[in-house]
Amino acid sequence: MTEVATDPDVLEGAVADQDVPENADLAAEGWRGEDLAYTERPVIPVELLVSHPGNVREDKQADQSFCRSVASAGIITPLEITIEPDGGYRVVDGNVRLDAALKVGLAAVPYFFSADTADDEGLQYLHMLISSRFRTSLTVHEEAQALFSAAQAGMTRAEIRKATGLSAGEVKAGVRAGGLTSMTKEIAAGMDYEWTLEELALLKPFEDDPEAMEVIRRSRYGPLKYTVQRLLDEREAKARRATMVAELEQSGITVTTERPEGAVPLSRLLNGSQQMDADAHADCPGRGASLGSWMSASPNHYCLDPVTYGHVFAETGTTSPPEPAVVAPVAQEARPNADRKIVVEGNKAWVAAGTVRQQWLREFLMLKAPPRNVASTIARFVTGQLVTMPEPLCRALGGARHSRLFEFFGAPAPETVAKSTQPGLWMLALAPIATAYEREITGDGERRNTWREDKYSPCTREDAGAWLRFVAEIGAKHGYEPSPIEKAVADGVPYRGDNPAEDPIEEADTDQTSTETAVAGQDPEEHDDQPIDDVEHPPQGTQESEPGPVAEPDASAGPAPASGTADATPGPQEVPLAAHMEKEIADDLAEEFDAADVYADAA
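Summary of the structure given here. Keep in mind it's a predicted model, so treat the numbers as computed, not measured.

Right, let's get into empty space enclosed by the protein. Scanning the entire structure with this criterion turns up three cavities of 30 Å³ or more. Considered as a void within the structure, the largest cavity measures approximately 50 Å³ in volume. The wall of the largest cavity is formed by H141, A144, A177, G178, L180, K185, A188 and L200. Among the secondary structure elements, those contributing two or more residues to the lining of the largest cavity are α5 (140-152), α7 (168-178) and α8 (182-190).

Turning our eyes to something else, we now look at the packing of aromatic side chains. In total, this model carries 10 aromatic pairs according to the counting rule given. Taken together, a centroid distance of 4.9 Å and an interplanar angle of 65° make the contact between Y193 and W195 edge-to-face. A residue is classified by how much of its surface remains accessible, and Y193, at 32% relative accessible area, is partly exposed. Residue W195 is classed as buried on the basis of its relative accessible area, which comes to 9%. On the numbers, 3.9 Å between centres and 5° between planes, the contact of F381 with F470 is stacked.

What follows deals with a nonpolar patch on the surface. A cluster of nonpolar side chains, L126, L129, I130 and F134, forms an exposed patch at the surface whose accessible area comes to about 410 Å². Mapped onto the elements of the fold, L126 is located in helix α4 (residues 121-133). The class of L126 is partly exposed, set by a relative accessible area of 44%.

Now for helix α3 (residues 95-104). In terms of burial, α3 is largely enclosed, as eight of its 10 residues are buried. Of all the residues in α3, the buried ones are N95, R97, L98, D99, A100, A101, K103 and V104.

Time to look at the pattern of salt bridges. In a structure, side chains of opposite charge can pair up when their charged atoms sit close to one another. Under the defined criterion, the tally for this structure stands at 22 salt bridges. Between D498 and R230 there is a salt bridge, and its shortest N-O distance comes to 3.1 Å. Residue D498 is located in the loop between α20 (484-491) and α21 (515-520), and its partner R230 is located in helix α11 (residues 224-250); the two are separated by 268 residues in the primary sequence. This pair shows no difference in class: D498 is buried, exactly as R230 is. Between R452 and D454 there is a salt bridge, and its shortest N-O distance comes to 2.8 Å. Among the residues examined, D454 registers a relative accessible area of 52% and is labelled exposed. Each of E391, R395, E440 and R447 takes part in one network of salt bridges that share partners.

Before going further, it helps to examine unusual backbone geometry. Within the chain, M389 stands out as a residue other than glycine whose phi angle is a positive 45°. Tracing the backbone shows M389 in the loop between α14 (372-388) and α15 (391-396). On the basis of relative accessibility, which here comes to 30%, the residue M389 falls in the partly exposed class. Positioned with a positive phi, A411 is a non-glycine residue whose angle comes to about 45°. Judged by relative accessible area, which is 31%, A411 ranks as partly exposed.

This part is about the state of the cysteines. Per the stated rule, a full pass over the model turns up zero disulfides. Looking at the unpaired C284, the closest cysteine sulfur is the one in C303, lying at 3.9 Å.

This paragraph deals with the sheet that holds strand β13 (residues 312-313). The pairing of strands in a sheet comes from backbone hydrogen bonds and takes either a parallel or an antiparallel form. One open sheet holds the three strands; their spatial order is β10-β9-β13, and the pairing between them is antiparallel. The open sheet is flanked by β10 (274-275) and β13, the only strands paired with a single partner. Bridging between strand β9 (residues 269-271) and β13 involves two bridges; their strand directions are antiparallel. Of the residues in β13, the one forming a bridge with L269 is F313.

Moving on, we come to the packing of helix α10 (residues 210-218) against α11. Angle between the axes and distance between the axes are the two parameters that describe a pair of packed helices. Axis separation between α10 and α11 bottoms out at 10 Å; the angle between their running directions is 155°. Taken as axis vectors, α10 and α11 run roughly antiparallel relative to one another. For α10 against α11, the interelement crossing comes out right-handed. Contacts between α10 and α11 involve A212, V215 and I216 on the former and, on the latter, L224, T227, V228 and L231. Per-class residue counts for the contact of α10 with α11 are six nonpolar, one polar and no charged.

Parameters at a glance
Residues numbered from 1 in each chain as written. Predicted model: local features only at pLDDT ≥ 70, side-chain atom pairs only at ≥ 80, totals over all residues. Heavy atoms only, no water. 1 Å grid on protein atoms, 1.4 Å probe; cavity = no way out; pocket = protein on both sides within 12 Å on 5 of 7 lines; lining within 4 Å. Points joined across faces, edges and corners; volume = space filled by probe spheres on them. Helix = DSSP H or I, 4+ residues; strand = E, 2+ residues; numbered from the N terminus. Phe/Tyr/Trp six-rings, centres within 6.5 Å; stacked < 30°, edge-to-face > 60°. Buried < 20%, exposed > 50% of the residue type's maximum accessible area, 1.4 Å probe, protein only. Patch = residues over 30% accessible without salt bridge, like charges linked within 9 Å, V, L, I, M, F, W, Y side chains within 5 Å. Areas by Shrake-Rupley, 256 points an atom, 1.4 Å probe, with all protein chains shown as cover. Salt bridge = Lys/Arg side-chain N within 4 Å of Asp/Glu carboxyl O. Disulfide = S-S within 2.5 Å. Pairing = 2+ DSSP bridges. Axes fitted to C-alpha atoms, helices over the stretch in contact; angles between N-to-C directions. Parallel < 35°, antiparallel > 145°, perpendicular 65-115°, else oblique. Left-handed = near helix turned anticlockwise from the far one by under 90°. Contact = heavy atoms within 4.5 Å. Nonpolar A, V, L, I, M, F, W, Y, C, P; charged D, E, K, R; others polar.

Note that all results are geometric; they support no functional claim without further evidence.
In structure tokens, the structure reads:
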């Protein structure tokens, strides 16, 4: 094929070719690099170009990200053109690049002229094949390395985003992923998994944790984000427990996993006329505390020997203990051990799934209009919910706009409604519905029972399943994959662990039962924590993790009335996102919308 940089009839004053002997062997003639003169590549006005009428690509349109890149960096790879029979010049290879140039308003594009194809249309089609067939794209690992290297060379994330057309999130993730250690990259490359930049970046917190990397490597039954979130939850729980143990021991309190035999919890002792608490018991030589290892566990203070140390028992009102009661074996001790493990794993899985799902919903609800391929699905769901008004909406929709979770989902204001397009109104209407459902299935207390078939929860499993099926339907086309526990609820089947073929994840101390809890007839594996209003929670995961689910306070102490008139207004205590995380998300979204505006203006 003979290629010339410039056809004399194309442009007046085009840059002339370098005067190089035709078919010369440069090495044999003794040409050296310094003998070559480099000139600007030739360009041709876009108005002279015609798209190939037989372009074999089915998708002939330049997507938004490519247009953003072209708007910033221009066309890098020249278009192959030839003579158009009806006048002008036909694009043989580069029709999508031409489409992007037209959309963003470029006046001219770089090109090279293919003389061989001028009178040979068959060869034009073969050039389309050859140019694509033997072009090797970068792997996602190589893309990450390129983004990381660009950042190391001094480019800002905003500059990288504008030059590449990638979203702010993709650039951020790519830079992080490119900085992974060589060992982590090797493990990721060796997995039978189609990575994205965002998923590679999720490995960053676990580079120095071989056990966590092994869990990720073996993960086959749940989406990667869900697996990572469970690991982050476990890490946060262990860190929180270690901090509490250190603080207790520094105060001179002995910490045990279980309450020792013969010790009495402070809840059964009196300090004057009030229940004994840790502060009142601070000077007692018999002070101690049991602390389980489960997530959000809180210390249970006890006295080793209240009789010796002269404490008053609440049951008798004296220093004499009550007569020992004959306690029948509690129901949980009769349950198969596997069932207890399922409850422990299920509670942790439900929290992790909520974290990932709410983060995805937040990003999805920030779209200014529903994507076309799910627009009708969203419209039908929103309308159906408002017409049928299921119990979760009756209970929580009225107070949704006052909720921290509603703010997390974007909190559309009346002025936003006034400025929105008609399709965008469906997204705005979906936000309070999403808030209501997520509050009802991931809030405090009995709300967390939603995944279970054997426990009451304000939101029935059937209603929760309808919501999760909807999220899965729209998410399937927009980057969301439900976790095993979500699939179980959506399908109306029992949850038997992330991998039903194997035993549930066995974790140290998670199925320990304190004597006081067993006697009270409670189940520590059901909810191993205090109400969220009573516990100050640190941010979920690590600084590099995504925000956890926004917990909502319990609106009622018990089951809601059948009429659905329970007060849905949240209390004053809510779990805030870490300030640095809020700012980082806001910055990323600002960049994202800025990029979208570039495309919209250019188009």
